[in-house]
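# Overview (structure and organization)
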Amino acid sequence: MSDDLAGHARSSLDLKSAQLPLVAVVIKSTDVQLLAAQLAARLADEPEFFDNDPVLIDLSALHDADQAIDFATLVAELRRYRTRPVAVRGGNPQQMQAAHEQGLIAAPEWTRAHPTPEPAPEPEPEPESPQSCPAAAAMPPPCGPRTMVVDKPLRSGQQVYARDADLVVLAMVSFGAEVIADGNIHVYAPLRGRAIAGARGDTSARIFTTCLEAQLLSIAGIYRTTDTELPGSVLGKSAQVRLEGEKLFVEPI
């Protein structure tokens, strides 16, 4: 092969690592029919809530289960609701093999009890330094270099992902739009779409907004949808979302 042809062949593609956020479905029962019934009840009002979202099946709660899991039926049920099961984690060898036979790949493990390590703190600035973060009346402001800022409205179908960073949105997140961050999410406008913080397992991540009307809230794979109505103390108001154990807490600010 000539040098010119070899050079052209080498530049025709690149192989790079990619880390993408997934919806985690935590399975807590081997009874797939029961799971299907509960999934149908949860999504009854919004059967098209998902839009071909990639899904990871989390089996960590069933690692010691003796009963087999019907992965063929489970995958079919998830696909009925416009999700695309692609991976599995947390199962025992028999479960992982059964999942692999249905085309699911083994995903790396992570532990919710250990949040992503924080970077070393920066030295505190002088009191009058122009680089210091301004005080905010409604919410604690994000500080530091690892922050992505979006200053335009996000329409339905649009997605923003702040990898290894916090995300700050200064305009409305419309219903059907999605904001994702490996760290915290701050929305200084109505939050009506999906907000996924701690996308890579950081359980200390939080979601802040000046107007909470979210379609979905998620931190480190634990999520809450609109089928659980938000209380009046936070609906349409300034609020924060935090994770404690396996439960999301939504609190006024």
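Structure first, text after, so check above.
Here's what I pulled together on the structure shown here.

Scoring rules and cut-offs
- Residues numbered from 1 in each chain as written.
- Predicted model: local features only at pLDDT ≥ 70, side-chain atom pairs only at ≥ 80, totals over all residues.
- Heavy atoms only, no water.
- Pairing = 2+ DSSP bridges.
- Helix = DSSP H or I, 4+ residues; strand = E, 2+ residues; numbered from the N terminus.
- Axes fitted to C-alpha atoms, helices over the stretch in contact; angles between N-to-C directions.
- Contact = heavy atoms within 4.5 Å.
- Buried < 20%, exposed > 50% of the residue type's maximum accessible area, 1.4 Å probe, protein only.
- Polar contact = N/O pair within 3.5 Å; in protein donor to acceptor, adjacent residues only side chain to side chain.
- Salt bridge = Lys/Arg side-chain N within 4 Å of Asp/Glu carboxyl O.
- Arc of directions from axis to C-beta.

### Considerations on the sheet that holds strand β13 (residues 222-225)
Taken together, the five strands give an open sheet; going across it, the order is β6-β8-β10-β12-β13, and neighbouring strands pair in mixed fashion. Either end of the sheet is taken by a strand with one partner, and the two such strands are β6 (159-162) and β13. Looking at each pair of strands side by side, their axes are set apart by 5° on average, direction ignored. In terms of strand pairing, strand β8 (residues 178-181) meets strand β10 (residues 194-197) through three bridges, oriented parallel. Across the sheet, residue Ile180 finds its bridge partner in β10, namely Ile196.

### Description of the environment of Met148
Structurally, Met148 is set in strand β5 (residues 147-150). Along the backbone, Met148 and Ala162 are 14 residues apart, and their C-alpha atoms lie at a distance of 6.1 Å. Filtering out sequence-adjacent residues up to four positions away, Met148 remains in contact with Val160, Tyr161, Ala162, Asp166, Leu167 and Val168.

### What about the side chain of Glu77?
Summarising the element assignment, Glu77 is placed in helix α3 (residues 71-80). Classification of Glu77 as buried rests on a relative accessible area of 15%. A polar contact is formed between the side chain of Glu77 and the side chain of Arg80, at a distance of 3.0 Å. Here Glu77 is in contact with Ala36 and Leu39, once residues within four sequence places are set aside.

### A look at the sheet that holds strand β9 (residues 185-191)
Judged by pairing direction, the sheet is mixed, and its six strands sit side by side in the order β5-β7-β9-β11-β14-β15 without closing on themselves. Because the sheet does not close on itself, it has two edges, and the strands there are β5 and β15 (247-252). Ignoring strand direction, the axes of neighbouring strands in this sheet form an average angle of 20°. With five bridges connecting them, β9 and strand β11 (residues 207-212) associate as parallel partners. Bridged to Leu191 within β11 is Leu212.

### Examining the pattern of salt bridges
In the structure shown here, the tally under the stated rule is nine salt bridges. Its salt-bridge partner being Glu178, residue Arg194 comes within 3.5 Å of it at the nearest N-O pair. Taken as a pair, Arg194 in strand β10 and Glu178 in strand β8 lie far apart in primary sequence, 16 residues in all. Residue Arg242 is joined to Glu251 by a salt bridge in which the shortest nitrogen-to-oxygen separation is 2.7 Å. Among the charged side chains, a network of salt bridges with common partners joins Arg163, Asp164, Asp182 and Arg200.

### Here's the deal with helix α4 (residues 93-100)
Every buried residue of α4 is listed here: Gln95, Met96 and Ala99. For α4, the buried positions fall inside an angular range of 95° around the axis, keeping them on one side. The exposed residues of α4 that point more than 90 degrees off its buried face are Pro93, Gln94 and His100. Against α3, β3 (83-89) and β4 (105-106) lie the buried residues of α4. If you check the start of α4, you find a side-chain oxygen 3.1 Å away from the backbone N of Gln94, and it comes from Asn92.

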